[in-house]
Protein chains: 2
Amino acid sequence: MSEQSPLDLAEGDPFGPHNLPYGVFSTPDAPEHRRVGVRIGDHVLDAGAAAHALGSPYAALLARPTLNPLLAAGRTAWRDVRRALTAWVTVPAHRPDIEPLLHPLDTVTLHLPYEVADYVDFYASEHHATNVGRIFRPDGDALTPNWKHLPIGYHGRSGTIVVSGTDVARPHGQRKAPTDPAPVFGPSVKLDIEAEVGFVVGTPSALGSPVDLASFEDHVFGLFLLNDWSARDIQAWEYVPLGPFLGKSFATSVSAWVTPLEALTAARVAPPERDFPLLPYLDDADAEVPGGFDIRIAVALNGQLVAEPPFAGMYWTAAQQLAHMTVNGASLRTGDVYGSGTVSGPERDQRGSFLELTWNGTEPMELPTGKRTFLEDGDVVTMTAWAPGPDGVRVGLGEVTGRIVES
Amino acid sequence: MSEQSPLDLAEGDPFGPHNLPYGVFSTPDAPEHRRVGVRIGDHVLDAGAAAHALGSPYAALLARPTLNPLLAAGRTAWRDVRRALTAWVTVPAHRPDIEPLLHPLDTVTLHLPYEVADYVDFYASEHHATNVGRIFRPDGDALTPNWKHLPIGYHGRSGTIVVSGTDVARPHGQRKAPTDPAPVFGPSVKLDIEAEVGFVVGTPSALGSPVDLASFEDHVFGLFLLNDWSARDIQAWEYVPLGPFLGKSFATSVSAWVTPLEALTAARVAPPERDFPLLPYLDDADAEVPGGFDIRIAVALNGQLVAEPPFAGMYWTAAQQLAHMTVNGASLRTGDVYGSGTVSGPERDQRGSFLELTWNGTEPMELPTGKRTFLEDGDVVTMTAWAPGPDGVRVGLGEVTGRIVES
């Protein structure tokens, strides 16, 4: 009798050995025992146990409850660990050791894979920023004068970053329509998503030492899908002059899987032409590796596809964001997370927020289940994505999903 | 021969047994051995060693490299530890045990006393917000329409909070005067301070559970002076529409000493009359304990007094800020820090920033050493403060100081 091995993946499986994203998992028999897992197909490899079984020097780094020790180990370690993992899941001689350490994905619990240090959210899609500007500031220019000179960003709340699958309680707060005499308090009536790609920093940097464009891959370990839940009514009333605060800080969902940058070499693309000359610290015209990533995102509301935002078209790249974030001497810590900003393309069905998809609720989406503007209690939003991999195989990004619950 | 004991303090010493602020220190013989210290006069008591010597159950909590375990222990533990410390430094029978554990302040190194989780900065002085509005938005209303309805705040960078005494490198960044054709890059030419009071959270809260006004003392352990260094030229160019970012994120200095709220009972004062009715979650009209703190701050530039900002006049209180920060369900973590926002009073010499003191550089300060607008390399800014204590004795707040260095 021959049973198929979990390592015998279908051709073109987006979670094949060319991908190998990292997460943190536990099993029902030991729910407190969190450790690093690596996804292969529909299974999770207990990476620390595999390293131990195969005598790898990285066993101690992988048998940990978060990815932070691996993140802090630096680029050489990232490359070595990835090379070892690739061998473990592809070399037939390792199968007897590896197969018992594979857990079906639907039997494990996935946890927030890293301890977040600081969290910064950017605003890097020209289409998104233009749409939002038109909606929120109809009397002004859509883009502020600084927008094409620097990647605009702001700090968000690290402590409310939650792993995919966590329910999101509808936030309460103040809102005030221009015609209201005074603000009112209650549950947000304009609860929204923002489809983003997040990046996590591994290698820290020293206070006072900017990280230049070319050092991006030395500091950033990988990327993942991120949903920056947003309460538009709360945000609109609070955000002038110091920016978004409670309209964002109630929850930010991230995928349980971090895709290492090394898996995305084939997905690198040049960013769009820039309309203005960039200051030297942001000028990537001569970059050895193109700064963009060709990631195709799909956003589903209750299982229904509502948007396909293209990440390749982002005006500002992740390397530029990192260079900007540190150019004033601000230091990086292992576990710093930053979001790209909402990914929106030029087409209507490429917009990464319901604010844009419904033009602030004035143009409802026509779904098979009826007209929809913002999120209702019980709604489930799921984002998935893929990027081109080697030899035409797709690299799957782990999904990020969340359900809205009454609070 | 009778030598005076470090515990025989001069009458009215602002760091007497009525104060007992907490910090983290090390000594030159063991620079890696960080542990909790309590300031008494000009000495630091090794709190963990004292607890051990006297058989206190809190020895393990105090012999730690940060205050976080004590912060996380909660209000009952805070009260018990403070009661024990008070006895140790006042009951004569304890002197033989305690005196050997006192280190002269000028022989120890003081460290950042807590690990910072999230950092939020508010904007709670009406005088400051009005001044800044007039300077930055001369064509609009000085206060935005939301200002008197909610305590405006934003998240800052936790990773660049540094302890008093740390040099501050002048940040580089983009700036653009309205008349410039394009932004230029270079060292900030408008480097400034913001005199603030910071608060540190001890007891965490659950995601989805707002912390109401009455629970302030259950969650917040203590307060301290904070200098929110600001590069006004960088800030002015970047901050629309998402708020301050690189103009602030290069450094925030905090005092090495955290004054427990329990030491400030006599300093509680009612905040100013509010001009608009407040929504119930912010309405403190019937608060049992008045929300304000009568803290008198002094700001010195190179030893010269330049401002005396009065904290008692802040429009929004720390309890209101905490209630607002969590009303959307955002959770608190041990080590969350929040700043009051720049403290400015109605008088010119009560303004807590050079931006205001010099009206954005157009009205230089006349100092004995010459005219001054913003900070120059080599400048040292030192803030000190005190508050009324029991029986007319002052409660001293630990200073926060920093020197500007070329970068």
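Keep in mind that this is a model prediction, so the values were computed, not measured. (Residues numbered from 1 in each chain as written. Chains lettered and ligands numbered in written order. Predicted model: local features only at pLDDT ≥ 70, side-chain atom pairs only at ≥ 80, totals over all residues. Heavy atoms only, no water.)

1. A look at the overall build of chain A
Stated formally: The helix and strand labels rest on DSSP assignments: H or I over at least four residues marks a helix, E over at least two residues marks a strand, and numbering proceeds from the N terminus. Computation of the radius of gyration draws on C-alpha atoms, with the globule rule given as 2.2 Å multiplied by the number of residues to the power 0.38. In this scheme, a residue with accessible area under 20% of its type's maximum is buried, one over 50% is exposed, and one in between is partly exposed, where area comes from a 1.4 Å probe on protein chains only. Any two residues having at least one pair of non-hydrogen atoms within 4.5 Å are treated as being in contact. Note on areas: Shrake-Rupley with a 1.4 Å probe; residue coverage comes only from the protein chains shown. His is not counted, nor are the chain ends, whereas Lys and Arg count as positive and Asp and Glu as negative. The location of each charge is read from NZ of Lys, CZ of Arg, CG of Asp or CD of Glu.
Counting its regular elements, chain A contains ten helices and 26 strands. A compact globule built from 407 residues would reach a C-alpha radius of gyration of about 22 Å, and chain A, at 21 Å, matches this within 12%. If one aligns the C-alpha atoms of chain A with their principal axes, the spans along those axes are about 70 × 50 × 35 Å. Burial status across chain A gives 61% buried among its 407 residues. Taking contacts inside chain A between residues at least 6 apart in sequence as the whole, the part at least 24 apart equals 73%. Only carbon and sulfur atoms are counted for the fraction: they give 52% of the accessible area of chain A, which is about 15,100 Å². Mean positive and mean negative side-chain charge positions of chain A (29 and 50 charges, respectively) differ by 3 Å.

2. Focus on the relation of the copies chain B and chain A
Short version of the rule: To line up the copies, we fit them by least squares on C-alpha atoms, keeping just the residues with pLDDT of at least 70 in both.
Laying chain B over chain A is done by rotating through 180 degrees and shifting 0.0 Å along the axis; what remains is an RMSD of 0.0 Å. Such values leave the two copies arranged in the relation of a two-fold axis. Distance from the rotation axis, computed per C-alpha, reaches its smallest value in chain B at Gly243(B): 2.1 Å. Here 100% of the interface residues in chain B have copies in chain A that are interface residues too; the copies meet face to matching face.

3. Thoughts on the domain arrangement of chain A
Residues and elements named next belong to chain A. Selection rule: The start and end points of each domain follow an automatic or database-based domain assignment. When two parts are put together, the accessible area they lose, computed with a 1.4 Å probe and summed over both, is reported as buried area.
Looking at the assigned domains, one finds that chain A contains domain 1 (22-111) and domain 2 (119-405). Summarising the inter-unit geometry, the C-alpha centres of domain 1 and domain 2 are found 29 Å apart. Counting from both sides, the interface comprises 19 residues of domain 1 and, opposite them, 18 residues of domain 2. Taking both sides of the interface into account, the surface hidden between domain 1 and domain 2 amounts to around 1,600 Å²; carbon and sulfur atoms contribute 66%.

4. Side note on the sheet that holds strand β26 (residues 394-405) of chain A
All names here are of chain A. Put simply, the test is: By definition, two strands form a pair when at least two bridges between them are found by DSSP.
Taken together, five strands build an open sheet; the order of strands is β9-β26-β25-β20-β21 and the sheet is mixed. What marks the edges here is a single partner per strand, and that holds for β9 (168-169) and β21 (304-307). Alignment of strand β20 (residues 296-301) against strand β25 (residues 380-388), held across six bridges, turns out to be antiparallel. By the bridge assignment, Ala298 is partnered in β25 with Thr384.

5. Points about the pattern of salt bridges
Defined as follows: Should a side-chain nitrogen of Lys or Arg be within 4 Å of a carboxyl oxygen of Asp or Glu, the pair is scored as a salt bridge.
Within the structure shown, the criterion is met by 42 salt bridges over all chains. The partner of Asp379(A) in a salt bridge is Arg372(A), with the nearest N and O atoms 2.3 Å apart. On the basis of relative accessible area, Arg372(A) is assigned to the buried category, the value being 9%. We note a salt bridge from Lys248(B) to Glu194(B), for which the minimum N-O separation is 2.9 Å. Here Glu194(B) lies in the loop between β12 (191-192) and β13 (195-201) and Lys248(B) lies in the loop between α8 (232-238) and β16 (252-254), a separation of 54 residues in the sequence. Grouping residues by exposure puts Lys248(B) and Glu194(B) together as buried. What emerges from the salt-bridge pattern is a single network uniting Asp192(A), Glu194(A), Asp228(A), Arg232(A) and Lys248(A).

6. A short note on the sheet that holds strand β25 (residues 380-388) of chain B
A sheet is described by the order of its strands in space; here five strands give the open sequence β9-β26-β25-β20-β21 (chain B), paired in mixed fashion. Pairing within the sheet leaves two strands with one partner each, and these edge strands are β9 (168-169) and β21 (304-307) of chain B.

7. Topic: the environment of Asp286(A)
All names here are of chain A. Looking at the element boundaries, Asp286 is found in the loop between β18 (268-269) and β19 (292-293). According to the relative accessible area criterion, Asp286 is exposed, its value standing at 76%. Residues Asp286 and Ala298, spaced twelve residues apart in sequence, show a C-alpha to C-alpha distance of 31 Å.

8. Some words on the side chain of Ser340(B)
All names here are of chain B. Looking at where Ser340 falls in the secondary structure, it is placed in the loop between β22 (337-339) and α10 (354-357). The buried category is assigned to Ser340, whose relative accessible area is 2%. Setting aside residues up to four positions removed in sequence, Ser340 forms contacts with Asp121, Phe122, Tyr123, Ala124, Glu196, Val197, Phe311, Met314 and Gln321.

9. Observations regarding unusual backbone geometry
Residue and element names in this part refer to chain A. In this chain, Val240 is followed by Pro241 through a cis amide linkage whose omega measures 10 degrees. Relative to the elements of secondary structure, Pro241 occurs in the loop between α8 (232-238) and β16 (252-254). Its identity is not glycine, yet Asn360 carries a phi of approximately 60 degrees, on the positive side. Along the chain, the position of Asn360 falls in the loop between α10 (354-357) and β23 (365-367). Using a relative accessible area of 22% as the deciding quantity, one classes Asn360 as partly exposed.

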